[in-house]
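Residue-level structural notes
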Amino acid sequence: MNTDAGKARTGTPGRQRMYVIVLPLARLALGAAALCGVAAAGFGGYWMAVGPDGVARLFEGTPIAEPAQATLDMPELLVNLRPDTPSRFMKIGVTLALAPKDRGRVEQAMPHLVNAQQEFLRNLDQHDLRGSAGLLRLRDELRRRFNLILGPDTVSDVLLRSLLTQ
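The shown structure was predicted, so the numbers you read here are calculated from the model rather than taken from an experiment. Along each chain, numbering runs from 1 in the same order as the chain's sequence is written. Thresholds applied to this predicted model are a pLDDT of at least 70 for local features of residues and 80 or more for the giving and counting of side-chain atom pairs; totals over whole chains, interfaces and linings are not thresholded and use all residues. As a rule here, side-chain values come from all non-hydrogen atoms in the structure, and water together with hydrogens is ignored.

**Structural notes on the overall build of the protein**
Here is the rule we go by: Helix and strand assignments come from DSSP, with helices taken as H or I runs of at least 4 residues and strands as E runs of at least 2, each series counted from the N terminus. Buried residues are those whose accessible area, probed at 1.4 Å on protein chains only, stays under 20% of the maximum for their type, while exposed residues exceed 50% and partly exposed ones sit between those limits. Every residue pair with non-hydrogen atoms within 4.5 Å of one another is taken to be in contact.
Across its full length, the protein carries four helices and four strands. Ordered by position in the sequence, the α and β elements of the protein form the string α-β-β-β-α-α-α-β. By residue count, 26% of the 166 residues in the protein fall in the buried class. In the protein, of all internal contacts separated by at least 6 residues, the share reaching a separation of at least 24 is 66%.

**Notes on the nonpolar core**
For clarity, the cut-off: Buried Ala, Val, Leu, Ile, Met, Phe, Trp, Tyr and Cys residues that are joined via side-chain atoms within 4.5 Å together make up what is termed a nonpolar core.
Judged by nonpolar contacts, the single largest core of 25 residues is most densely connected at Met74, Leu96, Leu113, Leu121, Leu124, Leu138 and Phe146. Elements that contribute at least two residues to this core include exactly β2 (77-80), β3 (89-98), α3 (110-122), α4 (131-150) and β4 (155-165). Every residue in contact with phenylalanine 146, bar those within four places of it in the chain, is listed here: Met74, Leu96, Leu113, Gln117, Val155 and Val158.

**Structural notes on α3**
Threshold: Under the convention used throughout, the expected extent of a helix is 1.5 Å for every residue step, that is, one less than its residue count. Taken from the helix axis, the directions to the C-beta atoms give the arc we talk about.
The first and last C-alpha atoms of α3 sit 18 Å apart over 13 residues, in line with the 18 Å expected at 1.5 Å per residue. Taken together, the buried positions of α3 are occupied by Met110, Leu113, Val114, Ala116, Gln117, Phe120 and Leu121. Within α3, the buried residues cover an arc of 165 degrees as seen down the axis, which keeps them to one side. Within α3, the exposed residues directed more than 90 degrees away from the buried face are Pro111 and His112.

**Side note on the pairing of β3**
The condition is simple: For two strands to count as paired, DSSP must find a minimum of two bridges between them.
When you tally the buried positions in β3, you get eight out of ten residues, the bulk of the element. Here strand β1 (residues 70-73) runs beside β3; their pairing, made up of four bridges, is antiparallel. When the bridges of β3 are listed, leucine 72 appears paired with leucine 96. When β2 meets β3, the two strands line up antiparallel, connected through four bridges. Across the sheet, asparagine 80 pairs through a bridge with phenylalanine 89, a residue of β3. Pairing analysis gives nine bridges linking β3 to β4, with the strands arranged antiparallel. Counted as the bridge partner of methionine 90 is threonine 165 from β4.

**A few points about the side chain of glutamine 117**
If you trace the backbone, glutamine 117 turns up in helix α3. Filtering out sequence-adjacent residues up to four positions away, glutamine 117 remains in contact with Met74, Leu77, Ile92, Val94, Leu142 and Phe146.

**A few points about the UniProt feature "transmembrane region" (unreviewed entry) in the protein**
Put simply, the test is: UniProt positions are given in the numbering used here, feature names are shortened, and annotations may be inferred rather than shown by experiment.
Here the UniProt feature "transmembrane region" (unreviewed entry) sits at residues 21-49. Secondary structure over residues 21-49 splits into 100% helix and 0% strand, and the C-alpha atoms at its two ends are 43 Å apart.

**Focus: the pattern of salt bridges**
The line we're drawing: Counted as salt bridges are all cases of a side-chain nitrogen of Lys or Arg within 4 Å of a carboxyl oxygen of Asp or Glu.
The final tally for this structure, using the stated rule, is nine salt bridges. Between aspartate 73 and arginine 161 there is a salt bridge, and its shortest N-O distance comes to 3.5 Å. Here aspartate 73 is found in strand β1, whereas its partner arginine 161 is found in strand β4, with 88 residues between them in sequence. Judged by relative accessible area, arginine 161 falls into the partly exposed class, the value being 37%. Residue arginine 103 pairs with glutamate 107 through a salt bridge whose shortest N-O separation is 3.4 Å. Remark: glutamate 107 and arginine 103 occur in helix α2 (residues 103-108); sequence separation between them is four residues, near one turn of the helix. Given a relative accessible area of 31%, arginine 103 falls into the partly exposed group. Judged by relative accessible area, which is 43%, glutamate 107 ranks as partly exposed. Through salt bridges with shared partners, a single network forms among Lys101, Asp102 and Arg105.

Below you can see the structure in the form of structure tokens.
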């Protein structure tokens, strides 16, 4: 009798280990099958509601419409920075992004834009240009000043072609 009881005890842990592995996998497979069934039913219902043409429109790519913008290069400037900074000179090249209809008006106002840019840049120091946040503030401030001269939302973006401090 002792040998039968020993065999029964050794057989039970093996079955329990099998249940610990097989049952969660079976539940996972059943859940995945149920999810696929719900998705197939939803897709089939959509197919019946809109037909094959509607399903084809669902999967065709939609073109991304980009706003039509023109760019205008401003002349490169070499300006003195504030005297109390280690960097004394800055060379900057700026490109303006604007609507094509505003290009002629911006070209006529170019002397005013260059003057506003020089006045602003001469009051900067090296610490104002530190990091990507400094460059973002520089671009935003130039765009704000240009839009004050040209009118609201004329310049949509200011792009830095080059920036060198020495």
